[in-house]
Every structure is written in structure tokens, then in C-alpha cells.
Amino acid sequence: MASRVTCWYGHATGSWWAVARDGAGRWRLVEAASQVELGRRLVELGVYGVAVPPARPAAVRSPAPRYHYL
């Protein structure tokens, strides 16, 4: 079953981050050097899905884009 994960790029750290539930249902903070590595780490936690950009109006811009794995 797919679970929702919030991902973002940390400008201060230069890393990609995600908050996700592992297979046991515990919340985990995941850090990775790239989006590809972050995806691999999420799969290791048992999180599967497709990355989709957040639904926001085009006029509103966030300094750090966030992606959700569904």
C-alpha cells in the first residue's frame, strides 16, 4: 500500500529530506545527498509510490519545493 511522504530540499544543509513511516509504522526522518538516493532510502523503508509535485497555484512559489510520494 502506498503511503504519503513529504520531501524537500534543505538549502542550509544541501541535502534532500523526507518524513515517512517505515514498515513498522514509526515515523522516520530521512536525509540523502540526491533525489535518487532519497528514493532508494524510501524504498528501503518500505515506502513505494510515484513522486508528484504539490498542488499549488503557479503564482505561489516556495523557496524549497516539496514533493509528495503517493
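Look above for the structure.
The model shown is predicted, which means the values in this text are computed figures rather than measured ones.

For the protein, the count of helices and strands is one helix and five strands. For the protein, the sequential pattern of α-helices and β-strands runs β-β-β-α-β-β. In the protein, once contacts between residues fewer than 6 apart in sequence are set aside, the share between residues at least 24 apart is 34%.

The next subject is the nonpolar core. One broad rule of soluble globular proteins: the nonpolar side chains tend to lie buried together. If you look at the biggest cluster of nonpolar residues, it comprises 10 residues: Val5, Cys7, Trp16, Ala18, Ala20, Val30, Ala32, Leu38, Leu42 and Val47. Where this core is concerned, the elements lending two or more residues are β1 (5–10), β2 (15–21), β3 (27–32) and α1 (35–45). Per-element tally for this core: the top contributor is β2, with three residues.

On any regular strand, side chains alternate: one points to one face of the sheet, the next to the other face. β2 sits mainly inside the fold: five of its seven residues count as buried. Looking at chain direction, β2 and β3 are connected through six bridges and run antiparallel. By the bridge assignment, Arg21 is partnered in β3 with Trp27.

All of the buried residues along α1 are Leu38, Gly39 and Leu42. Each buried residue of α1 sits inside an arc of 100° when the element is viewed along its axis, so together they form one side. In α1, the exposed residues that point more than 90 degrees away from the buried face are Val36, Arg40 and Glu44. Phi turns positive, to about 95°, at Gly46, one or two residues after α1.

All right, on to the environment of Gly10 then. Structurally, the position occupied by Gly10 is in strand β1. Sequence spacing of Gly10 and Glu31 is 21 residues, and the spatial spacing of their C-alpha atoms is 9.5 Å. With residues near it in sequence (within four places) discarded, Gly10 still touches Ser15 and Trp17.

About the cut-offs
Residues numbered from 1 in each chain as written. Predicted model: local features only at pLDDT ≥ 70, side-chain atom pairs only at ≥ 80, totals over all residues. Heavy atoms only, no water. Helix = DSSP H or I, 4+ residues; strand = E, 2+ residues; numbered from the N terminus. Contact = heavy atoms within 4.5 Å. Core = buried A, V, L, I, M, F, W, Y, C linked by side-chain atoms within 4.5 Å. Buried < 20%, exposed > 50% of the residue type's maximum accessible area, 1.4 Å probe, protein only. Pairing = 2+ DSSP bridges. Arc of directions from axis to C-beta.

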